[in-house]
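Each chain is listed here by its residues.
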Amino acid sequence: METIPLLKPYKMGNYELSHRYPETPGIWTKEHVEAWKPIVQAVHDKGGLFFCQIWHVGRVSTYDYQPNGKAPISCTNKGCTPGLYGVNWSPPHRLSIDEIAQVINDFKLAAKNAIEAGFDGVEVHGANGYLLDQFMKDTVNDRTDEYGGTLEKRCRFALEVVKVVIEEIGADKVGIRLSPFADYMETGDSNPEALGVFMAESLDKLGILYLHVIEPRMVTMADPQDTPYSSLPMRKAFKGTFISAGGYKKDDGNKVIEEDRADLVAYGRLFLANPDLPKRFAIDAPLNKYNRDTFYIPDPIVGYTDYPFLDQGN
């Protein structure tokens, strides 16, 4: 089993407008590239593949995280509800057409830098209520220009990002993560199945390596919920490698593969808490319990590298 870690640099391009969380890694300067090289090499030395997830948080930010206290950016000037998740979100600046072009170029630069640092490819983050998701979803995108209104126009920004990344590093090194069915950070859509299928068909035409989809049952970032939707139409529309994510355990992950509903299953929380998860699955070993409170803290050890391997005891 090959493990593909995904790093999540928020900072891209020549400015830090993509920033939201404290002490998150970047890949937008030569210094970042050089710092990543030994880390990537260490993963390769262990026989692993290493994809770098590149993203922009858009309106999911505050003045405190923006250069010179500027407003976050988005497709809209509608912000997240102040107090959501205990944060006083700042109203965003609606991007102009020229500014959109700059952000698209930032993704291109990030992809170029990732390959220079030695990564095997990049995953464009188009999910979880962040910038690309904000453009795609009709509850957020209220534009009336070529980047808003119809489904095709709302998806234009995300597809243009993917296209420039392909031009820079090649389609065989590009994946994308989508969550059309989710409503993360007040970013939902009135017809998520149509959105998902349109994006899957469009991405299939671009010939990218994989499509990574958050299952419909993960409406929020908490626990799975009952939903009438299915990712199967997206699976059928995309001919490349289809990765399914969504609170899976061993048995239901295996079932998805057996029923050909995905080519790969992504594990997040379980993998974070169990660095030897494939081995534990193989021998039916007990799993470490994850601590959700440490998922997003900036500590370099606690919550990230302090979970024991099987040979270290539990």
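Note that the coordinates shown come from a computational prediction; the quantities given were computed from them, not determined experimentally.

Rules and cut-offs
Residues numbered from 1 in each chain as written. Predicted model: local features only at pLDDT ≥ 70, side-chain atom pairs only at ≥ 80, totals over all residues. Heavy atoms only, no water. Helix = DSSP H or I, 4+ residues; strand = E, 2+ residues; numbered from the N terminus. Buried < 20%, exposed > 50% of the residue type's maximum accessible area, 1.4 Å probe, protein only. Axes fitted to C-alpha atoms, helices over the stretch in contact; angles between N-to-C directions. Parallel < 35°, antiparallel > 145°, perpendicular 65-115°, else oblique. Left-handed = near helix turned anticlockwise from the far one by under 90°. Contact = heavy atoms within 4.5 Å. Nonpolar A, V, L, I, M, F, W, Y, C, P; charged D, E, K, R; others polar. Core = buried A, V, L, I, M, F, W, Y, C linked by side-chain atoms within 4.5 Å. Phe/Tyr/Trp six-rings, centres within 6.5 Å; stacked < 30°, edge-to-face > 60°. Lys NZ or Arg CZ within 6 Å of the ring centre and 35° of its normal. Polar contact = N/O pair within 3.5 Å; in protein donor to acceptor, adjacent residues only side chain to side chain. Expected span 1.5 Å × (residues − 1).

**As for unusual backbone geometry**
Right, so step 1: Despite not being glycine, Asn128 shows a phi value in the positive range, around 60 degrees.
Right, so step 2: Along the chain, Asn128 falls in the loop between strand 5 (121-126) and helix 3 (131-136).
Right, so step 3: By relative accessible area, which is 9% here, Asn128 ends up buried.
Right, so step 4: Within the chain, Asp284 stands out as a residue other than glycine whose phi angle is a positive 55 degrees.
Right, so step 5: Tracing the backbone through its elements, the reader meets Asp284 in the segment after helix 10 (277-283).
Right, so step 6: Residue Asp284 is classed as exposed on the basis of its relative accessible area of 58%.

**Here's the deal with the packing of helix 5 (residues 156-169) against helix 6 (residues 192-206)**
Right, so step 1: Two elements in contact, helix 5 and helix 6, have axes whose closest approach is 11 Å; the angle formed by their N-to-C orientations is 20 degrees. In terms of orientation, helix 5 lies roughly parallel with respect to helix 6. Where helix 5 crosses over helix 6, the handedness of that crossing is right-handed. Contacts between helix 5 and helix 6 involve Ala158, Leu159, Val162, Lys163 and Ile166 from the first element and Phe198, Met199, Ser202, Leu203 and Leu206 from the second.
Right, so step 2: Each residue belonging to the contact of helix 5 with helix 6 can be placed in one class, and the counts come to 8 nonpolar, 1 polar and 1 charged.

**Quick notes on the nonpolar core**
Right, so step 1: Residues Ile54, Phe119, Phe157, Val165, Met199, Leu203 and Leu211 are the most contacted members of the largest nonpolar core, which totals 64 residues.
Right, so step 2: A per-element tally of this core places helix 5 first, with 9 residues.
Right, so step 3: Once residues within four sequence positions are removed from consideration, Phe157 is found in contact with Ile100, Val103, Ile104, Leu131, Leu132, Phe135 and Tyr147.

**Regarding the environment of Leu211**
Right, so step 1: Among the secondary structure elements, Leu211 is positioned in strand 7 (residues 210-214).
Right, so step 2: The spacing of Leu211 and Leu178 is 33 residues in sequence and 7.7 Å in space, taken between C-alpha atoms.

**Points about the packing of aromatic side chains**
Right, so step 1: Overall, the coordinates contain 9 aromatic pairs when judged by the stated rule.
Right, so step 2: Here the aromatic rings of Tyr290 and Phe295 are separated by 5.5 Å at their centres, their planes lie at 40 degrees, and the arrangement is tilted.
Right, so step 3: Accessibility expressed as a relative area gives 32% for Tyr290, which makes it partly exposed.
Right, so step 4: Ring centres 6.2 Å apart and planes at 90 degrees place the aromatic pair Phe295 and Tyr296 in the edge-to-face group.
Right, so step 5: In this structure an aromatic cluster arises from ring pairing among Trp36, Phe50 and Phe119.
Right, so step 6: Above the ring of Tyr147, the side-chain terminus of Arg156 is found at 4.7 Å from the ring centroid.

**Topic: the side chain of Ser202**
Right, so step 1: On the secondary structure map, Ser202 appears in helix 6.
Right, so step 2: Owing to a relative accessible area of 13%, Ser202 belongs among the buried residues under this scheme.
Right, so step 3: One polar contact links the side chain of Ser202 to the main-chain carbonyl oxygen of Phe198, over a distance of 2.8 Å.

**Some points on helix 2 (residues 97-116)**
Right, so step 1: With 20 residues, helix 2 should cover 28 Å at 1.5 Å per step; its first-to-last C-alpha distance of 29 Å lies within 8% of that length.
Right, so step 2: Inspection of helix 2 places Ile100, Val103, Ile104, Asp106, Phe107, Ala110, Ala111, Asn113 and Ala114 among the buried residues, and these make up the whole buried set.
Right, so step 3: Its buried side turned inward, helix 2 meets helix 1 (30-45), strand 2 (51-54), strand 3 (73-74), strand 5, helix 3 and helix 5.
Right, so step 4: Note on helix 2: the residue one or two positions beyond its end, Gly118, has a positive phi of about 105 degrees.

**Looking at the packing of helix 1 against helix 2**
Helix-helix packing is described using two parameters, namely the angle between the two axes and the distance between the axes.
Right, so step 1: As a packed pair, helix 1 and helix 2 sit with axes 9 Å apart at the nearest point and diverge in direction by 35 degrees. Between helix 1 and helix 2 lies a crossing of right-handed hand. Contacts from Lys30, Val33 and Lys37 of helix 1 reach helix 2 at Lys112, Asn113 and Glu116.
Right, so step 2: Of the residues belonging to the contact of helix 1 with helix 2, the class tally is 1 nonpolar, 1 polar and 4 charged.

**Focus: the environment of Glu167**
Right, so step 1: Note that Glu167 resides in helix 5.
Right, so step 2: Distance in space between the C-alpha atoms of Glu167 and Lys108 is 8.4 Å, their sequence separation being 59 residues.

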